[in-house]
Amino acid sequence: MKWNRYLPVEANPTALRRGFVALTAFSLVCSLSFFNAYARALPGIEQIAASFPDVQMPPFSLLLGPSLYGFWVSALAMAPLAGYFWALHTRLSHSVYLMRRLPNRWELARRCLTVPVLAALFFLGLSLALWLLDFAIYWNVTPDRFLPSSLWEALWS
Amino acid sequence: MLQLNHVSKTYHLTTHALHQVSLSVAPGEIVGLLGENGAGKTTLLKCILGLLSYQGSITLDGVPIGRDNIARLSFATCEHSFFPTLTPQEHRVFYREHFPTWRDQRFEALMDFFRLPGNRPLRAMSVGQQNQVEVILALCQGADYILMDEPFAGNDVFNREDFYKVLLGILEPTETVILSTHLLTEINHFVSRAVLLWDGQIVGDVSTADLDEQGLTVLDYVKEKYHYQPDRVSSALSQLSGEEDDLCGNR
């Protein structure tokens, strides 16, 4: 697939690729905060359990904290990117006049929206996948005696 | 036939850029769209191209202008509608992909004639060269109606002369040009019809053949329609010099 067909004619694919990789890396680094919180909570609970046998792990949502915010910020950043793509057609010249009078009605929209929409979906999808992975770790690695009684309680209580 | 019926355009609810403009342009005509700044020339061209919303109707051979027939119109504007970072050759590829009627031979011939560098980004060219590429792209799109809005602003007089001559030489009988310009003296032998806009309305529409019969030029016609007062400048000057004399006398 030729990705250039889905980008503004004057977009710089290399710069975009770098930006995309940077946002993904930033989001993944942010997501590590869950592992940090979990790795600190589990030994702590085990120590406390010696004195208070009924103690439970903090709820998953608390441990998750802002770890997925990086993906959401990256997804939201795709809205100004679409605006920038549009602005490329009015910068230095009015190539938007040409784009708007092309026989293919969707050419301008395709070039301005496809990549931002797909990238936003990618970041949201990755965020969902990591949420599931984090919860799977929380649910499966934590000893049963420290887990809340129900899945729902584990998620939100 | 390009047909405009009672086309009106209002900006910001109060500014009437066009008011009830009706006009027919037949295939093969070369129409000069004339008028002072703010007369509505650019607005009219943009309405025809669908770049602006308007009241009234604009049809091409009886069919409203839309995606099915928009390729029959091309546009060259002094605002430039090319991609500045692309070279003329890259534009050629883009146009060829989107306009099946693209005229490749004409493109090559015109690029050669004006000695334009095919592989230099347009932003690295002079304004005159950029204007030439803008017009060349409009001419080579393969459109039946070629709309030009002050396309030669920034080109020297010899360059413009060359362009008029080349245009007359290459245009096919069915190709129609609507040229908006201020350069009234230069287009006299180029246009076959002059349409005069004033304050958003058509105040004059005449063929240059009729003007020739009357011994008038396009400029004479425009002056007449605009009620130009030839003695305006001399009376203003004499009034100014009179004031100066008075001032000197008083001293």
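The structure presented is a predicted model; accordingly, all values stated were derived computationally and were not measured. The numbering scheme is per chain: residues are counted from 1 as the chain's sequence reads. Written order decides the labels, with chains lettered from A and ligands numbered from 1. Selection of residues for local features in this predicted model requires a pLDDT of at least 70, selection of side-chain atom pairs for listing and counting requires 80 or more, and totals for whole chains, interfaces and linings are taken over all residues.

Q: Would you take a moment to explain the overall build of chain A for this structure?
A: Assigned secondary structure in chain A consists of 7 helices and 0 strands. The helix and strand labels rest on DSSP assignments: H or I over at least four residues marks a helix, E over at least two residues marks a strand, and numbering proceeds from the N terminus. When the helices and strands of chain A are listed from N to C terminus, the series reads α-α-α-α-α-α-α. Using C-alpha atoms as the atom set, the radius of gyration is obtained and then compared with a globule rule of 2.2 Å times the number of residues to the power 0.38. Over its C-alpha trace chain A gives a radius of gyration of 22 Å, far above what one expects of a compact globule, namely 15 Å for 157 residues. Put plainly, a residue is buried at 20 or more neighbouring C-beta atoms within 10 Å of its own, exposed at 12 or fewer, and partly exposed in between, counting only other residues' C-beta atoms, which are placed from the backbone. For chain A, the residues scored as buried account for 27% of the 157 residues in total. By sequence separation, contacts in chain A at least 24 residues apart represent 80% of the contacts at least 6 residues apart. Remark: residues whose backbone-derived C-beta atoms lie within 7 Å of one another are considered to be in contact.

Q: How should the nonpolar core be read in this particular structure?
A: Taken as a class, soluble globular proteins show a tendency for nonpolar side chains to be buried jointly. The nonpolar core criterion groups buried Ala, Val, Leu, Ile, Met, Phe, Trp, Tyr and Cys residues into a set whenever they are joined through C-beta atoms within 7 Å. By size, the foremost hydrophobic cluster in this structure holds 84 residues, and its most contacted members are B:Val31, B:Leu147 and B:Ile178. Counting residues per element, this core draws most heavily on helix α6 (residues 107–141) of chain A, at 8 residues. Look past the residues within four positions of B:Ile178 in its chain and what remains in contact with it is B:Val25, B:Val31, B:Leu33, B:Leu45, B:Tyr145 and B:Leu147.

Q: Explain the packing of helix α3 (residues 104–113) of chain B against helix α4 (residues 127–140) of chain B to me, please; I cannot follow it from the model alone.
A: When two helices pack together, you describe them by how their axes are tilted relative to each other and by the distance separating the axes. Residue and element names in this part refer to chain B. Where α3 meets α4, the closest approach of the two axes is 9 Å, and the angle between their N-to-C directions is 160°. Between α3 and α4, the angle is such that the two are roughly antiparallel. Helix-helix and strand crossings are classified by hand; for α3 and α4 the assignment is right-handed. Two secondary-structure elements touch here, α3 through Arg106, Phe107, Leu110 and Met111 and α4 through Ile136, Leu139 and Cys140. All axes are obtained by fitting lines to C-alpha atoms, using only the stretch in contact for helices, and the reported angles, taken between N-to-C directions, cover 0 to 180 degrees. Roughly parallel refers to an angle under 35 degrees, roughly antiparallel to one over 145, roughly perpendicular to one between 65 and 115, and oblique to any angle outside these ranges. Left-handed describes a crossing whose near helix is turned anticlockwise from the far helix through less than a right angle; right-handed describes the clockwise counterpart.

Q: Mind showing me how you'd approach the environment of B:Tyr221 here?
A: All names here are of chain B. Tracing the sequence through the fold places Tyr221 in helix α7 (residues 218–225). Overall, Tyr221 belongs to the buried group, with 21 C-beta atoms counted inside 10 Å. Tyr221 has contacts with Ala194, Gly204, Val206, Leu211 and Leu216, leaving out every residue within four places of it along the chain.

Q: Where do I start with the packing of helix α3 (residues 69–76) of chain A against α6(A) in this structure?
A: Residues and elements named next belong to chain A. As a packed pair, α3 and α6 sit with axes 8 Å apart at the nearest point and diverge in direction by 165°. Looking at the two axes, α3 sits roughly antiparallel to α6. When you trace α3 past α6, the crossing you get is left-handed. On α6, the residues touching Phe71, Trp72, Ser74 and Ala75 of α3 are Ala120, Phe123, Leu124, Leu126 and Ser127. Its residues placed into classes, the contact of α3 with α6 shows 7 nonpolar, 2 polar and no charged. Nonpolar residues are Ala, Val, Leu, Ile, Met, Phe, Trp, Tyr, Cys and Pro. Charged residues are Asp, Glu, Lys and Arg, and all others, Gly as well, are polar.

Q: What exactly am I supposed to notice about the interface of chain B and chain A here?
A: Quoted interface sizes are often the accessible area lost when the parts come together. Taken together, the contact pairs 20 residues of chain B with 14 residues of chain A. Residue assignment for the side of chain B that touches chain A shows that the elements contributing at least two residues are β6 (73–77) and α2 (88–98) of chain B. At 3 residues, β6(B) tops the list of elements feeding residues into the side of chain B that touches chain A. Residues that form the side of chain B that touches chain A fall into these classes: 11 nonpolar, 6 polar and 3 charged.

Q: How do you make sense of the sheet that holds strand β4 (residues 55–60) of chain B when you look at a structure like this?
A: Hydrogen bonds between backbone groups are what pair the strands of a sheet, and the pairing can be parallel or antiparallel. All names here are of chain B. The strand order across the open sheet built from 4 strands is β2-β1-β4-β5, with neighbouring strands paired in antiparallel fashion. The sheet is open, and its two edges are formed by β2 (15–25) and β5 (63–64), each paired on a single side. For two strands to count as paired, DSSP must find a minimum of two bridges between them. Examined bridge by bridge, β4 and β5 share 2 bridges and lie antiparallel to one another. Bridged to Thr59 within β5 is Pro64. Those strands touched by helix α1 (residues 41–48) are β1 (2–11), β2 and β4, and its axis lies near 60° from that of β2.

Q: Help me understand unusual backbone geometry in this model?
A: Residues and elements named next belong to chain B. The phi angle at His80 is positive, at roughly 70°, despite the residue not being glycine. Note on placement: His80 falls in the loop between β6 and α2. A tally of 22 C-beta atoms within 10 Å means that His80 is categorised as buried. We note that Glu150 has phi near 45°; this positive angle belongs to a residue other than glycine. By the element assignment, Glu150 lies in the loop between β7 (145–149) and α5 (157–170).

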